[in-house]
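Understanding the architecture of this molecule
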Amino acid sequence: MRLYAVVAAGGFRRYATYRVATAAGVFTNTVFGFIMAYTYTALWDQRPQLGGYDLSQALTYVWLGQALLMTAAMMGCGFEDELIERIRTGDIAIDLYRPVDLQLFWLAGDLGRAAFHLLGRGVIPMALGALAFDLSLPANPLVWAAFLIAVLFGVVVSFAIRFLVVLSAFWLLDGVGVAQMTFIAGLFFSGMVLPLNVFPGVLGEVARALPWSSLLQVPADIFLGEYSGWGLAGAYAFQLGWAAALLMAGRLLQTAATRRVVVQGG
């Protein structure tokens, strides 16, 4: 476990070195936050209580989305390109023969990345949004803690999805196309475009049942006080259930990929 803690810390430091990129990211998130906030304001003026949110909650949702966009890697930009390239070039064979679990190694690094983006690109836009708009910020510190736990679970779900996408490169040789399609789906079904509560009928039910809702919709609802008691436990169970299922699928696919590398190497 100490090794993976070191890897996570290394992932944090790695992204912390890109200071100019971080500053540009904060600026971009803030600008898009204002654009989305005014768009939501116009929409909620016409449809008050849309999706069960009042305007203040809707605006809070906007800025939570900007804070979690890179944290949960809804558009990718994590470990995917690097690992796909290692698969394409065959360098992955070295990783598979190392005395370290491939999945846990990259998960640890991704958790470090997520922690940096939450602090480096999440806090400032959220603070600026709170200064410019009337946001629904929890007064109870336990709600903040519950929210951070949900963010952690969401990051794990996000990693598990992206790890599966990357492993497809063992058979497709290039996972870029699969990654792009997955990230487009992730942006839509995470609730980044609009809260999933707004989606009508069967579409809304399906969207809320998919794993991507763990990335933004579930943490945001916890932050907004939509879950408490057994409802909160159910939200965590939903996230953990998807995390366990996707990580297990990734482990099975990793085992199949390892056998493929061994056979080809032999």
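Report follows, based on the coordinates. (Residues numbered from 1 in each chain as written. Predicted model: local features only at pLDDT ≥ 70, side-chain atom pairs only at ≥ 80, totals over all residues. Heavy atoms only, no water.)

**Some points on the overall build of the protein chain**
- If you tally the helices and strands in the protein chain, you get 12 helices and zero strands.
- In the protein chain, the succession of helices and strands from N to C terminus is α-α-α-α-α-α-α-α-α-α-α-α.
- A compact globule built from 266 residues should have a C-alpha radius of gyration of about 18 Å, and the protein chain, at 19 Å, falls within 12% of that.
- Taking all 266 residues of the protein chain together, the buried fraction comes to 48%.
- Look at the contacts in the protein chain between residues 6 or more apart in sequence, and 78% of them connect residues 24 or more apart.
- If you sum the accessible surface of the protein chain, you get close to 12,900 Å²; carbon and sulfur atoms cover 70% of it.
- Taken as two groups, the 15 positive and 15 negative side-chain charges of the protein chain have centres that lie 10 Å from each other. (Helix = DSSP H or I, 4+ residues; strand = E, 2+ residues; numbered from the N terminus. Rg over C-alpha atoms; globule rule 2.2 N^0.38 Å. Buried < 20%, exposed > 50% of the residue type's maximum accessible area, 1.4 Å probe, protein only. Contact = heavy atoms within 4.5 Å. Areas by Shrake-Rupley, 256 points an atom, 1.4 Å probe, with all protein chains shown as cover. Lys, Arg positive; Asp, Glu negative; His and termini not counted. Charge placed at Lys NZ, Arg CZ, Asp CG, Glu CD.)

**Some thoughts on unusual backbone geometry**
- Unusually for a residue other than glycine, Gln 49 sits at a positive phi of about 65 degrees.
- In this structure, Gln 49 sits in the loop between α2 (19–46) and α3 (55–68).
- Positioned with a positive phi, Ala 73 is a non-glycine residue whose angle comes to about 50 degrees.
- Along the chain, Ala 73 turns up in the loop between α3 and α4 (80–89).
- Assessed through its relative accessible area of 3%, Ala 73 is described here as buried.

**Some points on helix α6 (residues 102–132)**
- Here α6 spans 44 Å end to end across 31 residues, near enough to the 45 Å set by a 1.5 Å rise per residue.
- Of all the bends in α6, the largest measures some 40 degrees and sits at Gly 122, one to four residues before the proline Pro 125.
- For α6, the side-chain oxygen to backbone nitrogen distance between the N-cap and Gln 103 is 3.1 Å, and the N-cap itself is Asp 101. (Expected span 1.5 Å × (residues − 1). Bend = angle between axes of the 7 residues up to and from the residue. Polar contact = N/O pair within 3.5 Å; in protein donor to acceptor, adjacent residues only side chain to side chain.)

**Concerning the packing of α2 against α3**
- At a minimum axis separation of 9 Å, α2 and α3 run at an interaxial angle of 155 degrees. With respect to each other, α2 and α3 are oriented roughly antiparallel. Remark: the crossing between α2 and α3 carries right-handed chirality. Across the interface between the two elements, Asn 29, Thr 30, Phe 32, Gly 33, Phe 34, Met 36, Ala 37, Tyr 40, Thr 41 and Trp 44 of α2 pack against Leu 55, Ala 58, Leu 59, Tyr 61, Val 62, Trp 63 and Gln 66 of α3.
- Class assignment of the residues belonging to the contact of α2 with α3 gives a composition of 12 nonpolar, five polar and no charged. (Axes fitted to C-alpha atoms, helices over the stretch in contact; angles between N-to-C directions. Parallel < 35°, antiparallel > 145°, perpendicular 65-115°, else oblique. Left-handed = near helix turned anticlockwise from the far one by under 90°. Nonpolar A, V, L, I, M, F, W, Y, C, P; charged D, E, K, R; others polar.)

**Some thoughts on the layout of surface pockets**
- A volume near 270 Å³ is recorded for the largest pocket.
- Every residue lining the largest pocket is counted, 14 residues in all, and those nearest its centre are Arg 14, Phe 79, Glu 82, Trp 106 and Gly 109.
- Those elements giving two or more residues to the lining of the largest pocket turn out to be α1 (2–16), α4 and α6.
- In terms of residue class, the lining of the largest pocket is built from five nonpolar, four polar and five charged. (1 Å grid on protein atoms, 1.4 Å probe; cavity = no way out; pocket = protein on both sides within 12 Å on 5 of 7 lines; lining within 4 Å. Points joined across faces, edges and corners; volume = space filled by probe spheres on them.)

**Topic: empty space enclosed by the protein**
- Taken as a whole and judged by the stated rule, the model has two cavities of 30 Å³ or more.
- Here the largest cavity defines a volume of roughly 60 Å³.
- Only α7 (141–167) and α9 (176–189) provide two or more residues apiece to the lining of the largest cavity.
- When residues in the lining of the largest cavity are grouped by element, the largest group, three residues, is from α7.
- Taken as a whole, the second largest cavity spans an internal volume of roughly 40 Å³.

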